[in-house]
Amino acid sequence: MFTTNKKKIQRYLEQKTDNNKCAFEILLLDYLDGTLKENLISIGIRKVEIRIDWLDDIKCIGIQGRYKEYYIDLQIYPNEFSVSFDLDEPDEDATYPLESKEQLYNVLFNTTKAL
């Protein structure tokens, strides 16, 4: 039987209590309720496309979008995230440990403002 990624993620998150959710899981909640996309748009990122890889060996929130004339590529994994901006092809990324959702949004905000 085919199960969508959203259903798999919901089942996964139902197994967690609010007290033991890591930053990645909190970002998954933001994805499910639309807050993730809203926060990216509030930073100034447009044409936001979110793809979820939900496999046994890899879990990733992949995001592509535009900030002014720059392309953005953001990959969020359970323990780290990487972000790259470029005028043509964002392939040189900076990697950070994923400590909190606020940290992720702060890095994005500060990076976009420095462009």
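Keep in mind it's a predicted model, so treat the numbers as computed, not measured. Each chain has its residues counted from 1, following the order in which its sequence is written. Two thresholds apply to this predicted model, a pLDDT of at least 70 for residue-level local features and 80 or more for giving and counting side-chain atom pairs, whereas whole-chain, interface and lining totals are computed over all residues. Based on all heavy atoms of the structure, the side-chain values leave hydrogens and waters out of the count.

## Remarks on the packing of aromatic side chains
When we look at a pair of aromatic rings, we describe it by the centre distance and by the angle of the planes.
Alright, step 1. In this scheme Phe, Tyr and Trp rings, the latter by its six-membered ring, pair at centre separations within 6.5 Å, and the angle between planes marks the pair as stacked below 30 degrees, edge-to-face above 60, and tilted otherwise. All told, the structure shown has two aromatic pairs when counted by the stated rule.
Alright, step 2. Ring plane angle 70° and centroid distance 5.1 Å describe the contact between tyrosine 12 and tryptophan 54, whose orientation is recorded as edge-to-face. In this pair, tyrosine 12 is assigned in helix H1 (residues 5-14) and tryptophan 54 in strand E1 (residues 46-54), connecting sequence segments 42 residues apart.
Alright, step 3. Owing to a relative accessible area of 9%, tryptophan 54 belongs among the buried residues under this scheme.
Alright, step 4. Centre to centre, the rings of phenylalanine 81 and tyrosine 96 are 5.1 Å apart; their planes meet at 20°, and the pair counts as stacked. Helix and strand assignments follow DSSP, with helices taken as H or I runs no shorter than four residues and strands as E runs no shorter than two, numbered in order from the N terminus. When accessible area is computed with a 1.4 Å probe and restricted to protein chains, residues below 20% of their type maximum are described as buried, those above 50% as exposed, and intermediate ones as partly exposed.

## Considerations on the pairing of E1
Alright, step 1. Between any two strands, pairing holds if DSSP finds at least two bridges. The sheet contact formed by E1 and strand E2 (residues 59-67) spans seven bridges and is antiparallel. Considered in E2, the bridge of arginine 51 is made with glycine 62.
Alright, step 2. Counted between consecutive antiparallel strands, the loop separating E1 from E2 contains four residues.

## Points about the packing of helix H2 (residues 23-33) against helix H3 (residues 35-43)
Alright, step 1. Relative to each other, H2 and H3 sit at 90°, their axes nearing to 5 Å. Relative to H3, H2 is oriented roughly perpendicular. Residue-level contacts link Leu27, Asp30, Tyr31 and Asp33 of H2 to Thr35, Leu36 and Asn39 of H3.
Alright, step 2. Residue type decides the class: Asp, Glu, Lys and Arg count as charged, Ala, Val, Leu, Ile, Met, Phe, Trp, Tyr, Cys and Pro as nonpolar, and the leftover types, Gly among them, as polar. Of the residues that constitute the contact of H2 with H3, the class distribution is three nonpolar, two polar and two charged. For helices, the fitted axis covers only the stretch in contact; all axes are lines through C-alpha atoms, and the angles between them, taken along N-to-C directions, range from 0 to 180 degrees. To sort the angles, those under 35 degrees are grouped as roughly parallel, those over 145 as roughly antiparallel, those from 65 to 115 as roughly perpendicular, and the leftovers as oblique. Any two residues having at least one pair of non-hydrogen atoms within 4.5 Å are treated as being in contact.

## Description of the sheet that holds strand E4 (residues 80-86)
Alright, step 1. What the five strands build is an open sheet, ordered E1-E2-E3-E4-E5; its pairing is antiparallel. The two strands at the open ends of the sheet, each matched to only one other strand, are E1 and strand E5 (94-97). Across the sheet, the mean angle from the axis of one strand to that of its neighbour is 15°, orientation sign disregarded.
Alright, step 2. Here helix H4 (residues 101-114) sits on the sheet and contacts E2, strand E3 (70-76), E4 and E5; the angle it forms with E4, its principal contact strand, is near 15°.

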